[in-house]
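Secondary and tertiary structure notes
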Amino acid sequence: MMARLSRVWAVSWCAVLGGLALHCGPVERSVPEWPNGAWARHTIDDSSFGADGVRLADANGDGRLDIVSPWEQGGRIRVYFNPGAEGLRDLWPAVTVGEVGDPEDAFFVDLDGDGALDVVSSCEGDTRSMYVHWAPADRSRLLDPGAWKTEELTPASDVAQWMFAFALQVDGENGIDLVAGAKNEAAHIGWFESPEDPRHLSDWRWHSLYDAGWAMTLRPHDVDSDGDIDIVATDRMGPRRGALWLESPGFGESMADAWPEHRIGPVDDHEAMHNAIADLDDDGMDDILVAVKGGPIRFHRRTGKVPATWQTHEIEMPAHTGTGKSVKVADIDLDGRPDLVVGCEHATEGKIGVFWLSHHGESAETGWSPRSISGPEGFIYDLIQLTDIDGDGDLDLVTLEEKGPYLARGYQGRELGVVWYENPIR
């Protein structure tokens, strides 16, 4: 496998726009192999089934990033506390903060403003609801599952198959609000308005902003530079699939109405998966990158600030990998140039599930070259988070590998679970 990967897909470039070249056809050339074809993998937790997302925050106030992950088939929401340098490569201390059906997403937020980071989970399948897992105010009890309290977010109950959410102060009133998206029947992207007392979950109010087919990643971002926070989203399925942003009208009564919808790139038959916001071409404007199931990465290069405009290009996925699920932009090899990190589904039959694309040459016209991170083990990867876990000055990768749906149907392979990959550059 590594022999194939080391004969990199250097590119013949047929178009160069604004200093960034776009891939048009493969031409093989040799570049140095990455050692062993994979980064060292360390298991954080493999105790359940169907790990389905990783989100980071300092949950216990010790200055280190902790992790929360839902286990979809296992029906558990688990928090992992960063043990520090001595225990990073072992299983991390963990607690099940709640047990719910079909959890698809979970993230940290201090929802009630008491100084403790709670967890909000989103559930699809037959559960069709969202839950708050209230953290104990006493940090010495964070590892005690009995100290956490799980309650249903009433206006989300049996409404839709909830897929992704984040916290945002939308209306400038009361506590922090929740932005959420769903899939399939009755799917929307919208926000839950916090009441005066956030712990009264029956008093929260739902406001729909956009009729979705299958909401994937939602991100807060001031797209139009007007000082308020907009929503960048990818819609995977349905008649309006693709990348888009919803323009915040600013504080006021209009916040509860549908926000103006702006498309980022075309609406066509591609399945837009997770997205990333980054200035890939170093022109001072944030671009949007979208992983695509079974197709090339969509690179939406921003060409104008006001109004916000983009031109859509494609970065080819290399051979011998799975299909695109998630993408991140970061300087992986510390050469001063942005690289792409990609996570895949369907990495079967020895294909690579997580890899990175590096730049070669003095500018982007030189091409993208793929390097393995995961090696051939594992075949369903999801969200990617990049952070310097071991404190050595380079970016490591936190992700998960799930086989939960396949295990439920009798698959005999091993699920890797929540893992981190150690960047070998330092």
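Now for a look at the structure at hand.

1. Remarks on the overall build of the protein
Per the secondary structure count, the protein includes two helices and 30 strands. Put simply, of all contacts in the protein between residues at least 6 apart along the chain, 50% involve residues at least 24 apart. Looking at the protein as shown, the accessible area adds up to about 16,100 Å², and 47% of this sits on carbon and sulfur atoms.

2. Some thoughts on the pairing of strand E24 (residues 323–330)
A regular strand places its side chains so that they alternate between the two faces of the sheet. Within E24, six of the eight residues are buried, which leaves it mostly tucked inside the rest of the structure. Note that E24 and strand E25 (residues 339–345) share seven bridges and pair antiparallel. Counterpart to Lys328 in the pairing with E25 is Val341.

3. Side note on the pairing of strand E22 (residues 297–304)
Most of E22 is tucked away: seven of the eight residues are buried. Pairing of strand E21 (residues 287–292) with E22 involves three bridges; the strand directions are antiparallel. Across the sheet, the residue bridging to Val290 is Arg298, located in E22. Turn length for the E21-E22 hairpin, with the two strands adjacent in sequence and antiparallel, is four residues, and the turn residue Gly294 shows positive phi of about 75 degrees. Inspection of the sheet shows E22 paired to strand E23 (residues 309–315) by seven bridges, in the antiparallel sense. Within E23, the residue paired with Arg298 across the bridge is Glu314.

4. Points about the packing of aromatic side chains
What the rule picks out here adds up to three aromatic pairs. Residues Trp162 and Phe192 carry aromatic rings whose centres are separated by 5.5 Å and whose planes lie at 55 degrees to one another, so their mutual orientation is tilted. With Trp162 in strand E12 (residues 161–168) and Phe192 in strand E14 (residues 188–193), this pair connects stretches of sequence that are 30 residues apart. Assigned by exposure class, Trp162 and Phe192 land together as buried.

5. Quick notes on empty space enclosed by the protein
The full count for this structure, using the stated rule, is one cavity of 30 Å³ or more. Reported here for the largest cavity is a volume of approximately 40 Å³. Lining the largest cavity, in full, are His221, Val223, Val232, Ile264, Ile277, Asp286, Ile288, Arg302 and Trp310. A breakdown of the residues in the lining of the largest cavity according to their chemical character gives six nonpolar, one polar and two charged.

6. Side note on the environment of Ile389
Looking at where Ile389 falls in the secondary structure, it is placed in the loop between strand E28 (385–387) and strand E29 (396–401). Judged by relative accessible area, which is 12%, Ile389 ranks as buried. C-alpha separation for the pair Ile389 and Leu88, spaced 301 residues apart in sequence, amounts to 7.9 Å. The contact partners of Ile389, leaving out residues within four places of it in the chain, are Leu88, Trp92, Asp396, Val398 and Trp420.

7. As for the nonpolar core
It is characteristic of soluble globular proteins that their nonpolar side chains tend to be buried jointly. Met130 and Phe192 are the most contacted members of the largest nonpolar core, which totals 51 residues. Those residues within four positions of Met130 in sequence are excluded, and the remaining contacts are Val120, Ser121, Ser122, Glu152, Leu153, Ala156, Trp162, Ala165, Ala180 and Phe192. In this structure, Ala276, Ala291, Ile315 and Trp368 belong to the second largest nonpolar core, which totals 20 residues.

Cut-offs used in this document
Residues numbered from 1 in each chain as written. Predicted model: local features only at pLDDT ≥ 70, side-chain atom pairs only at ≥ 80, totals over all residues. Heavy atoms only, no water. Helix = DSSP H or I, 4+ residues; strand = E, 2+ residues; numbered from the N terminus. Contact = heavy atoms within 4.5 Å. Areas by Shrake-Rupley, 256 points an atom, 1.4 Å probe, with all protein chains shown as cover. Buried < 20%, exposed > 50% of the residue type's maximum accessible area, 1.4 Å probe, protein only. Pairing = 2+ DSSP bridges. Phe/Tyr/Trp six-rings, centres within 6.5 Å; stacked < 30°, edge-to-face > 60°. 1 Å grid on protein atoms, 1.4 Å probe; cavity = no way out; pocket = protein on both sides within 12 Å on 5 of 7 lines; lining within 4 Å. Points joined across faces, edges and corners; volume = space filled by probe spheres on them. Nonpolar A, V, L, I, M, F, W, Y, C, P; charged D, E, K, R; others polar. Core = buried A, V, L, I, M, F, W, Y, C linked by side-chain atoms within 4.5 Å.

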